[in-house]
Amino acid sequence: MSAVLVLNADCGPLHRVSLRHAIRMLFRQVAVVHEAQQDTRIGVYPVPTVVRLVSYVVTRWRRGRGPGWSRAGVLLRDGRKCAYCGDSASTIDHVLPRSRGGRNEWLNTVAACGRCNNRKRDRTPAEARMPLRMTPFAPIWAVTLT
């Protein structure tokens, strides 16, 4: 199933939902089709790629903080590329190791390949002589929709 973008009533992006969920939203009349695939239908509804909510949803909670930290989020933020060598990454690494007080935070974690993660071990990048190719950052909501 493909993901369908959900827009607020003012056409601001909110999040993505499954095609099944989008059809349910259309059925319950809480959303209308904003964009659809041409010449394809599911029952009486065109197959949507973008739906727009009928009523405005207040999103003040999105203004203050970005998304919460997660391993999958770190890998997505870094494009699944190792921050040390640039190869394909499958793990995360703590810039300041957890044994030294490093926490699971956006600014302290980067994507890493298994080889670099093992080589760095329980050291900082400077101690391991492994400079970071990118600087970790905390994503904002607008970036996570792409």
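By the naming in an unreviewed UniProt entry, the chain is 5-methylcytosine-specific restriction endonuclease McrA, taken from Actinoplanes lobatus.

Let us now look at the pattern of salt bridges. Inspection of the entire model under this criterion finds 5 salt bridges. In this structure, aspartate 87 engages arginine 115 in a salt bridge whose closest nitrogen and oxygen atoms are separated by 3.9 Å. Here aspartate 87 is found in the loop between helix 3 (71–77) and strand 5 (91–94), whereas its partner arginine 115 is found in helix 4 (residues 114–120), with 28 residues between them in sequence. A relative accessible area of 37% means that aspartate 87 is categorised as partly exposed. For glutamate 127, the salt bridge identified is with arginine 100, shortest N-O distance 2.9 Å. Linking glutamate 127 in helix 5 (residues 125–128) with arginine 100 in the loop between strand 5 and strand 6 (109–112), this pair joins segments that are 27 residues apart in sequence. We classify arginine 100 as partly exposed; its relative accessible area is 41%.

This part is about the domain arrangement of the chain. Its domain assignment divides the chain into domain 1 (3–61) and domain 2 (71–120). A straight line from the C-alpha centre of domain 1 to that of domain 2 covers 35 Å.

With that out of the way, let us pick up helix 1 (residues 19–27). Among the residues of helix 1, those classed as buried are Leu19, Ala22, Ile23, Met25 and Leu26. Within helix 1, the buried residues cover an arc of 155° as seen down the axis, which keeps them to one side. Of the residues in helix 1, the exposed ones pointing more than 90 degrees away from the buried face are Arg20 and Phe27. For helix 1, the elements touching its buried residues are strand 1 (3–7), strand 2 (13–18), strand 3 (31–42) and strand 4 (45–53).

About the criteria used
- Residues numbered from 1 in each chain as written.
- Predicted model: local features only at pLDDT ≥ 70, side-chain atom pairs only at ≥ 80, totals over all residues.
- Heavy atoms only, no water.
- Salt bridge = Lys/Arg side-chain N within 4 Å of Asp/Glu carboxyl O.
- Helix = DSSP H or I, 4+ residues; strand = E, 2+ residues; numbered from the N terminus.
- Buried < 20%, exposed > 50% of the residue type's maximum accessible area, 1.4 Å probe, protein only.
- Domains from an automatic or database assignment.
- Arc of directions from axis to C-beta.
- Contact = heavy atoms within 4.5 Å.

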